[in-house]
Amino acid sequence: GENVEQHPSTLSVQEGDSAVIKCTYSDSASNYFPWYKQELGKRPQLIIDIRSNVGEKKDQRIAVTLNKTAKHFSLHITETQPEDSAVYFCAARTDTGGFKTIFGAGTRLFVKA
Amino acid sequence: DVKVTQSSRYLVKRTGEKVFLECVQDMDHENMFWYRQDPGLGLRLIYFSYDVKMKEKGDIPEGYSVSREKKERFSLILESASTNQTSMYLCASRKGPSNTEAFFGQGTRLTVV
């Protein structure tokens, strides 16, 4: 079945450094890729998303890149801050054949002050 | 502001009990989802519904059922709770079927003893 793999499972960076989280997906028909941030004890919230007709999208310190050929997409956070500490989930969804969104296992990001 | 509300934040139930988890959204969303979240496994889809009285199995439906009698409410039912169903349960809704953001509830932490 469809699968999304996410790496690393844990990431620790110094404040001000960059953080990169990578995901690969198996369903070549996937065409929508959201990223969610879940702070401790809170609900997941969408932080950025990208559609398959776009290779890169940026929103302030956050950017996402998509390589459809390799079925690979990444989240980049620059100038990290302690409040970026959270669990980040990538996901992949296909328009056709239903409404399922497949999530990665999550990355716990620690930003050390 | 979209609101997805789950009826309980914490629940403790005994093995064999029938458990109801309720989810209500106030934005007239067609699609609603139930996930469980476990460490290292991310978010796994249990059931989803794309309209009233419609339901589809997700990846791990065994031991669960759902009910969608009204558009705003999606209930998850554990027919006979077992200890391996101890988990965090997250409800989500989305205006669908196009590529749009999913909004999550705050989660219900269920412990089965």
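Refer to the structure printed above.
The rules behind the values
- Residues numbered from 1 in each chain as written.
- Chains lettered and ligands numbered in written order.
- Predicted model: local features only at pLDDT ≥ 70, side-chain atom pairs only at ≥ 80, totals over all residues.
- Heavy atoms only, no water.
- Phe/Tyr/Trp six-rings, centres within 6.5 Å; stacked < 30°, edge-to-face > 60°.
- Helix = DSSP H or I, 4+ residues; strand = E, 2+ residues; numbered from the N terminus.
- Buried < 20%, exposed > 50% of the residue type's maximum accessible area, 1.4 Å probe, protein only.
- Pairing = 2+ DSSP bridges.
- Contact = heavy atoms within 4.5 Å.
- Buried area = accessible area lost by both parts, 1.4 Å probe.
- Polar contact = N/O pair within 3.5 Å; in protein donor to acceptor, adjacent residues only side chain to side chain.
- 1 Å grid on protein atoms, 1.4 Å probe; cavity = no way out; pocket = protein on both sides within 12 Å on 5 of 7 lines; lining within 4 Å.
- Points joined across faces, edges and corners; volume = space filled by probe spheres on them.
- Nonpolar A, V, L, I, M, F, W, Y, C, P; charged D, E, K, R; others polar.
- Disulfide = S-S within 2.5 Å.

Asker: Honestly, the packing of aromatic side chains in this entry has me stumped. Any pointers?
Answerer: The geometry of an aromatic ring pair is captured by two quantities: the separation of the ring centres and the angle between the planes. The final tally for this structure, using the stated rule, is 12 aromatic pairs over all chains. Taking 5.4 Å as the distance between ring centres and 85° as the angle between the ring planes, the aromatic pair formed by Y36(A) and F104(B) counts as edge-to-face. You can see Y36(A) sitting in strand β4 (residues 32–38) and its partner F104(B) sitting in strand β10 (residues 103–104), one on each of two chains. Of the two residues, Y36(A) and F104(B), neither departs from the other in class, the shared state being buried. Relative to F48(B), the ring of F33(B) has its centre 6.1 Å away and its plane inclined at 25°; by these criteria the two rings are stacked. Taken as a pair, F33(B) in strand β4 (residues 31–38) and F48(B) in strand β5 (residues 42–49) lie far apart in primary sequence, 15 residues in all. Across the pair, exposure class does not vary: F33(B) and F48(B) are buried alike. Cluster of aromatic residues (ring-pair linked, three or more members): Y36(A), F103(A), F33(B), Y35(B), F48(B) and F104(B).

Asker: Teacher, can you tell me more about the pairing of strand β3 (residues 19–25) of chain A here?
Answerer: Successive side chains on a regular strand alternate, one facing one side of the sheet and the next facing the other. All names here are of chain A. Where burial is concerned, the two faces of β3 differ: the one with A19, I21, C23 and Y25 is buried and the one with V20, K22 and T24 is not. Here strand β1 (residues 4–7) runs beside β3; their pairing, made up of four bridges, is antiparallel. Directly across from Q6, in β3, lies its bridge partner C23. Here β3 runs beside strand β8 (residues 72–77); their pairing, made up of six bridges, is antiparallel. By the bridge assignment for β8, A19 is matched with I77.

Asker: Where do I start with the interface of chain A and chain B in this structure?
Answerer: Put simply, an interface is often sized by how much accessible area is lost when its parts join up. With 19 residues of chain A in contact, the opposing surface of chain B contributes 25 residues. Here chain A and chain B share an interface that buries about 1900 Å² over both sides, 51% of which is from carbon and sulfur atoms. At the surface where chain A touches chain B, the tally comes to six residue pairs in polar contact (both at pLDDT 80 or more). Elements supplying a minimum of two residues to the side of chain A that touches chain B: β4, β5 (45–51), β9 (86–93) and β10 (101–103) of chain A.

Asker: For this particular structure, what's the right way to read empty space enclosed by the protein?
Answerer: Over the atoms, a rolling probe the size of a water molecule traces out where space has been left empty. Under the definition given, this model contains one cavity of 30 Å³ or more. Reported here for the largest cavity is a volume of approximately 50 Å³. Along the walls of the largest cavity sit Y36(A), R93(A), T101(A), F103(A), F33(B), Y35(B), A92(B), R94(B), A102(B) and F104(B), which together make up its complete lining. If you list the elements that add at least two residues to the lining of the largest cavity, you get β10 of chain A together with β4 and β9 (87–94) of chain B. The residue makeup of the lining of the largest cavity, split by class, is seven nonpolar, one polar and two charged.

Asker: Would you explain the state of the cysteines in this entry?
Answerer: Residue and element names in this part refer to chain A. Tallied over the full model, the rule gives two disulfides over all chains. One disulfide bridge connects C23 with C90, the sulfur atoms lying 2.0 Å from each other. What sets the handedness of the C23 and C90 disulfide is the S-S torsion sign, and at about -100° it is left-handed. Residue C23 is located in strand β3, and its partner C90 is located in strand β9; the two are separated by 67 residues in the primary sequence. When its relative accessible area of 0% is taken as the criterion, C90 is described as buried.

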